[in-house]
Amino acid sequence: PITVVGPPIINFTATPTPGCSPQTVSFGNTTTGASPTNNFYWDFGNGNTLNGVKFPPPQVYYQGTWTIMLVSGNACGTDTMYRTIVVDTIPTAIMTATPLIGCSPLTVATTNSSVGGGLSYQWYIDGVFTYTSATIPNQVFTAPAGNAVALHTIRLIVTNHCGSDDTIVTITVHPPVVATLTPTSSNICVGSSVTFTQSSQGTLLTYAWSFGNGNTS
């Protein structure tokens, strides 16, 4: 009888994928038709190659996208197969907000420069879970009238299959300035003096007085 054979039929696996850096990747090989039985050439994409081995040792990969090639042959030809693996790292949350200080109402813009693959996002405005997008609209923060600043926060949590990281910024908002003064008496005699009491609202106030009689302070 005559046996007709074709070139090898390659199949191999690389696990796990995706992985987390530094990731050790193991390889399975279910190729059929190789002759001789060790007729394999591996290119692991990380600078390592191996010839004449069906089941190679595990390889270590760092963050990035890597392509592995396997070539096998017999007297009838060769076959080649490629597999791509993705290796991520624990993400780094990077967020800036501008301005960080100002007067009420204060419009704050954010920039998300977080690093990592396959990221998801959680934004908290003043502790309240608000957005899941990579970017968020400008936020308007206020401070009630008075003599104290209001503190607001923006927190960003970034997550992928390797883990999570978060960052938070604090926004300082000064209350609106309200000038208030009260004379001790609204009716006085010519030549008499009058005392004024001021109860202005705001923070870090400076004062300039004009008494309407040519005097200033």
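Quick notes on the rules
Residues numbered from 1 in each chain as written. Predicted model: local features only at pLDDT ≥ 70, side-chain atom pairs only at ≥ 80, totals over all residues. Heavy atoms only, no water. Phe/Tyr/Trp six-rings, centres within 6.5 Å; stacked < 30°, edge-to-face > 60°. Helix = DSSP H or I, 4+ residues; strand = E, 2+ residues; numbered from the N terminus. Buried < 20%, exposed > 50% of the residue type's maximum accessible area, 1.4 Å probe, protein only. Lys NZ or Arg CZ within 6 Å of the ring centre and 35° of its normal. Core = buried A, V, L, I, M, F, W, Y, C linked by side-chain atoms within 4.5 Å. Contact = heavy atoms within 4.5 Å. Pairing = 2+ DSSP bridges. Axes fitted to C-alpha atoms, helices over the stretch in contact; angles between N-to-C directions. Salt bridge = Lys/Arg side-chain N within 4 Å of Asp/Glu carboxyl O. Polar contact = N/O pair within 3.5 Å; in protein donor to acceptor, adjacent residues only side chain to side chain.

## Remarks on the packing of aromatic side chains
And then number 1: Taken as a whole and judged by the stated rule, the model has six aromatic pairs.
And then number 2: Ring centres 5.7 Å apart and planes at 55° place the aromatic pair Phe-27 and Trp-42 in the tilted group. In this pair, Phe-27 is assigned in strand S3 (residues 23-29) and Trp-42 in strand S4 (residues 40-43), connecting sequence segments 15 residues apart.
And then number 3: You can call Phe-27 buried: its relative accessible area is 8%.
And then number 4: Using a relative accessible area of 0% as the deciding quantity, one classes Trp-42 as buried.
And then number 5: Note on Phe-27 and Phe-44: the rings are 5.2 Å apart at their centroids and 50° apart in plane angle, and the pair reads as tilted. Note that Phe-27 is positioned in strand S3 and Phe-44 in the loop between S4 and strand S5 (49-51), a separation of 17 residues in sequence. Exposure class is identical for Phe-27 and Phe-44. Each is buried.
And then number 6: Lying over the aromatic face of Phe-12, Arg-83 brings its terminal NZ or CZ to 5.8 Å of the ring centre.

## Some details on the nonpolar core
And then number 1: Among the nonpolar cores identified, the biggest contains 19 residues, and Val-108, Trp-123, Phe-141, Ile-154 and Ile-171 are the most heavily contacted of them.
And then number 2: Those residues in contact with Ile-154, other than ones at most four positions away along the chain, are Met-95, Val-108, Thr-110, Trp-123, Tyr-124, Ile-125, Phe-141, Thr-167, Ile-168 and Val-169.
And then number 3: Val-25, Phe-27, Ile-68 and Ile-85 belong to the second-largest nonpolar core, a separate cluster that totals 15 residues.

## Observations regarding the sheet that holds strand S7 (residues 64-74)
And then number 1: Taken in spatial order, the five strands line up as S2-S8-S7-S4-S5 in an open sheet, and their pairing is mixed. Of all strands in the sheet, those bounded by a partner on one side alone are strand S2 (19-20) and S5.
And then number 2: Bridging between S2 and strand S8 (residues 77-88) involves two bridges; their strand directions are parallel. Within S8, the residue paired with Gly-19 across the bridge is Val-87.

## A look at the sheet that holds strand S16 (residues 163-174)
Strands in a sheet are paired, the pairing made by backbone hydrogen bonds, and the direction either parallel or antiparallel.
And then number 1: Across the sheet, five strands lie side by side as S10-S16-S15-S12-S13; this open sheet has mixed pairing. Unpaired on one side and paired on the other, strand S10 (101-103) and strand S13 (128-131) mark the two borders of the sheet. Geometrically, the sheet is characterised by an average inter-axis angle of 30° between neighbouring strands, direction not taken into account.
And then number 2: As judged from the 11 bridges shared by strand S15 (residues 150-160) and S16, these two strands associate in the antiparallel manner.

## Some details on the pattern of salt bridges
And then number 1: Summed over all chains, the structure comprises one salt bridge.
And then number 2: The residue Arg-155 makes a salt bridge to Asp-166 at a minimum N-O spacing of 3.1 Å. Placement of the pair is Arg-155 in strand S15 and Asp-166 in strand S16, with a sequence separation of 11 residues.
And then number 3: Exposure remark for Arg-155: the relative accessible area of 32% places this residue in the partly exposed category.

## A closer look at the side chain of His-152
And then number 1: Examined against the element boundaries, His-152 turns out to sit in strand S15.
And then number 2: Take His-152: its relative accessible area is 13%, and that puts it in the buried class.
And then number 3: Separated by 2.9 Å, the side chains of His-152 and Asp-126 make a polar contact.
And then number 4: When neighbours within four sequence positions are excluded, His-152 is seen to be in contact with Asp-126, Phe-141, Thr-142, Val-169, Thr-170, Ile-171 and Val-173.

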